[in-house]
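# Summary of the model geometry
The primary structure of each chain is shown beneath.
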Amino acid sequence: MTASTELLTVPQVMERLQLGRTTVYDLLRTRQLPSLTLGRARRIPAHALTDFIHTRLDQEAAA
């Protein structure tokens, strides 16, 4: 799977961002971090996580 099609689990996103489960689910709920629901499983495209990080960095730089 390439980076553009890689799907991450919530625990993988938690590890990469060093955030707790509740915070990651809050990001998903508020649609700050896009995700797919496959059955009962939530998956976050790797490119969406990268886009989220770049957006946050841009916001911090502008502040």
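Look up: the structure comes first, before these words.
Because the structure is a prediction, the values reported are computed rather than measured. (Residues numbered from 1 in each chain as written. Predicted model: local features only at pLDDT ≥ 70, side-chain atom pairs only at ≥ 80, totals over all residues. Heavy atoms only, no water.)

## What about helix α2 (residues 21-29)?
Rule in force here: The buried label goes to any residue with under 20% of its type's maximum accessible area, the exposed label to any with over 50%, and the partly exposed label to all in between, with areas taken from a 1.4 Å probe on protein chains only. For helices the rule is a DSSP run of H or I covering at least 4 residues; for strands it is a run of E covering at least 2, with both sets numbered from the N terminus onward. Arc, as used here, means the arc of the directions from the helix axis to the C-beta atoms. Any two residues whose heavy atoms approach within 4.5 Å at even a single point are treated as in contact.
Within the sequence span of α2, burial applies to Val24, Leu27 and Leu28. The arc enclosing the buried residues of α2, seen along the axis, measures out at 100 degrees, which places them on a common side. Exposed side of α2, more than 90 degrees from the buried face: Thr22 and Arg29 are the residues found there. Tucked into the core, α2 has its buried residues touching α1 (10-17), β3 (41-45) and α3 (46-62). Arginine 31 sits one or two positions beyond α2 and adopts a positive phi of about 60 degrees.

## Description of the nonpolar core
Put simply, the rule is: The term nonpolar core refers to a set of buried residues drawn from Ala, Val, Leu, Ile, Met, Phe, Trp, Tyr and Cys, joined through side-chain atoms within 4.5 Å.
Counting 13 residues, the largest nonpolar core has Val13, Leu17, Leu28, Leu33, Ile44, Leu49 and Phe52 as its most contacted members. Taken together, the elements giving at least two residues each to this core come down to α1, α2 and α3. Top element by residues in this core is α3. It accounts for four residues. Those residues within four positions of leucine 17 in sequence are excluded, and the remaining contacts are Leu27, Leu49, Phe52 and Ile53.

Purely geometric stuff here, so don't read any function into it on its own.
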